[in-house]
Amino acid sequence: MIDNILGSIFNALFLASILRVVTPILLPSLGALISDRAGVINIGLEGIMLAAAFTGVVISAYTRTSGIGAWLGLIGGVIVGIALALVLAFFHLRFKGDLVLGGLAINILGSAGTVAIMSELTGDQASTTKLASLQMPIVDLPFLRAIPGIGEFLYTVFGSQNVMMWIALLSVALMWFFLYRTPLGRHIRAVGENPDAAASVGIDVVRMRYLALAISGVLAALGGIYMSMGYLGNFTRDMTAGRGFIALATPAIGNNTPLGTALAALFFAFAQALSIRLGTLSLNNKPLPSEYVQMIPYVATILALVVNTLRKRRAIAARARQYQEHQQPSGAPSR
């Protein structure tokens, strides 16, 4: 029986669902990564995701006859994401406001503002089902079926995914290249590691932080747009369900690197996909207890934080040992 349950979970369809679930976690996680590397973590990711998700749905609904309404919705959502990120940057960098309080204000604005505008446009405070919004296109890869032996498996996993999933995977490579292979990326990392030293060699610290927060806004907006125009197909109240807050922790768990962040996001996506899948199964003709199923993502989060803490403690202990070894006398001085 257990083998049947495991077989129904760990298959190509389950892997495909992980890719769908990881997209709205990975994109804002990369946004959190770049802002964190610049020393100005974007606490407002959740609000930016909600605002962009709502904007994309509304614009696509009102431009659906243009033939490119979905892409216009994406562009509009990204613009809103950049605008909110720059508002946070202006509040913090220009007026020296508290970054955490500014981010919380963005989150409240994204949650309450979308509901207020949605109520005015549709008369509904729960969802935008009355708006005939569009969805981002699906990328079909039929050539995968021709691969001998594993063609059907690969097609099931990758062959019919939303274009936003591919944008998310591409963003990992682009983020790595940007941070480690471009002058701007090196400047952003320098600003985050030691702003005074960066300023002493002519790097504009404020400009780099504006840039990092703007890029963070773009990535968070893309994650929100996927939620409303790819994952679900319409906007519902607070539909991001904490993914922006999960994204804040993901870079730290991934050792503040693009690849590590992607792996951490995959871990959270695996836990969420497993929770969803187990909720549809039954044991001895009885559904699995919903309490146990629903707690899987939270238990996974706690485990990830524990592992991250232990890893940091080992690293600190190793550095302390190295420091003590260097401080110990090497013996009697040679004559």
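Residues numbered from 1 in each chain as written. Predicted model: local features only at pLDDT ≥ 70, side-chain atom pairs only at ≥ 80, totals over all residues. Heavy atoms only, no water.

Asks: Describe the nonpolar core, with residues and values.
Replies: The tendency in soluble globular proteins is for nonpolar side chains to be buried side by side. Ranked by size, the top nonpolar core spans 79 residues in total, and within it Leu26 and Phe235 carry the most contacts. In terms of residue count, helix H10 (residues 205–231) provides more of this core than any other element does, 12 residues in total. Every residue in contact with Leu26, bar those within four places of it in the chain, is listed here: Ala168, Leu169, Val172, Ala262 and Ala265. (Core = buried A, V, L, I, M, F, W, Y, C linked by side-chain atoms within 4.5 Å. Buried < 20%, exposed > 50% of the residue type's maximum accessible area, 1.4 Å probe, protein only. Helix = DSSP H or I, 4+ residues; strand = E, 2+ residues; numbered from the N terminus. Contact = heavy atoms within 4.5 Å.)

Asks: Give me the lowdown on the packing of aromatic side chains, citing residues and values where you can.
Replies: Going through the model one piece at a time under the given rule, you end up with 7 aromatic pairs. Considering the side-chain rings of Phe14 and Phe270, the 5.8 Å spacing of their centres and the 85 degrees angle between planes classify their relative orientation as edge-to-face. Residue Phe14 is located in helix H2 (residues 12–37), and its partner Phe270 is located in helix H12 (residues 258–278); the two are separated by 256 residues in the primary sequence. You can call Phe14 buried: its relative accessible area is 3%. Of the residues examined, Phe270 reaches a relative accessible area of 30% and is grouped as partly exposed. Note on Phe90 and Phe95: the rings are 5.1 Å apart at their centroids and 90 degrees apart in plane angle, and the pair reads as edge-to-face. Accessibility expressed as a relative area gives 39% for Phe90, which makes it partly exposed. The ring of Phe95 has Arg94 sitting right over it, with the charged end atom 5.6 Å from the ring centre. (Phe/Tyr/Trp six-rings, centres within 6.5 Å; stacked < 30°, edge-to-face > 60°. Lys NZ or Arg CZ within 6 Å of the ring centre and 35° of its normal.)

Asks: An account of the layout of surface pockets is needed here, citing residue identities and associated values.
Replies: Empty space within the largest pocket amounts to approximately 290 Å³. Around the largest pocket sit Ala241, Arg243, Ile246, Phe268, Ala271, Gln272, Ser275, Ile276, Pro297, Tyr298 and Thr301, which together line it. When residues of the lining of the largest pocket are traced back to their parent elements, those giving at least two are helix H11 (243–253), H12 and helix H14 (296–327). (1 Å grid on protein atoms, 1.4 Å probe; cavity = no way out; pocket = protein on both sides within 12 Å on 5 of 7 lines; lining within 4 Å. Points joined across faces, edges and corners; volume = space filled by probe spheres on them.)

Asks: Explain helix H6 (residues 151–158) to me, using residue names and the numbers behind them.
Replies: Among the residues making up H6, those that are buried are Gly151, Leu154, Tyr155 and Val157. Within H6, the buried residues cover an arc of 165 degrees as seen down the axis, which keeps them to one side. Looking at the buried side of H6, the elements it contacts are H2, strand S1 (138–140) and strand S2 (160–162). (Arc of directions from axis to C-beta.)

Asks: Which residues make up the packing of helix H3 (residues 45–62) against helix H4 (residues 69–94), and what values go with them?
Replies: In the contact formed by H3 and H4, the axes pass within 7 Å of each other and the chain directions differ by 150 degrees. Regarding the angle of H3 to H4, the classification is roughly antiparallel. Relative to H4, H3 is oriented so that their crossing is right-handed. Between H3, through Gly47, Ile48, Ala51, Ala52, Thr55, Gly56, Ile59 and Ser60, and H4, the contact on the second element is made entirely by Gly69, Ala70, Leu72, Gly73, Gly76, Gly77, Val80, Gly81, Leu84 and Ala85. The residue inventory of the contact of H3 with H4, partitioned by class, reads 9 nonpolar, 9 polar and no charged. (Axes fitted to C-alpha atoms, helices over the stretch in contact; angles between N-to-C directions. Parallel < 35°, antiparallel > 145°, perpendicular 65-115°, else oblique. Left-handed = near helix turned anticlockwise from the far one by under 90°. Nonpolar A, V, L, I, M, F, W, Y, C, P; charged D, E, K, R; others polar.)

Asks: Describe the packing of H12 against H14, listing the residues and the values that go with them.
Replies: Remark: H12 packs on H14, axes separated minimally by 8 Å, with the N-to-C direction vectors making an angle of 155 degrees. Between H12 and H14, the interaxial angle falls into the category roughly antiparallel. Where H12 crosses over H14, the two elements pack in a sense that is right-handed. Here Phe267, Phe268, Ala271, Gln272, Leu274, Ser275 and Leu278 of H12 come into contact with H14, specifically with Ile296, Pro297, Ala300, Thr301 and Ala304. The residue makeup of the contact of H12 with H14, split by class, is 9 nonpolar, 3 polar and no charged.

Asks: Describe H3, listing the residues and the values that go with them.
Replies: Between its first and last C-alpha, H3 extends 26 Å over 18 residues, near the 26 Å set by a 1.5 Å rise per residue. Most of H3 sits inside the fold, with 16 of its 18 residues counted as buried. (Expected span 1.5 Å × (residues − 1).)

Asks: Account for the pattern of salt bridges, with residues named and values stated.
Replies: Evaluation of the coordinates by the stated rule reveals 3 salt bridges. In this structure, Glu193 engages Arg37 in a salt bridge whose closest nitrogen and oxygen atoms are separated by 3.8 Å. Residue Glu193 is found in helix H8 (residues 183–193), and its partner Arg37 is found in helix H2; the two are separated by 156 residues along the sequence. Owing to a relative accessible area of 60%, Glu193 belongs among the exposed residues under this scheme. A salt bridge links Glu152 to Arg145; its shortest N-O distance comes to 2.9 Å. The class of Glu152 is partly exposed, set by a relative accessible area of 47%. For Arg145, a relative accessible area of 41% corresponds to the partly exposed category. (Salt bridge = Lys/Arg side-chain N within 4 Å of Asp/Glu carboxyl O.)

These results come straight from atomic positions and should not be treated as a statement about function.
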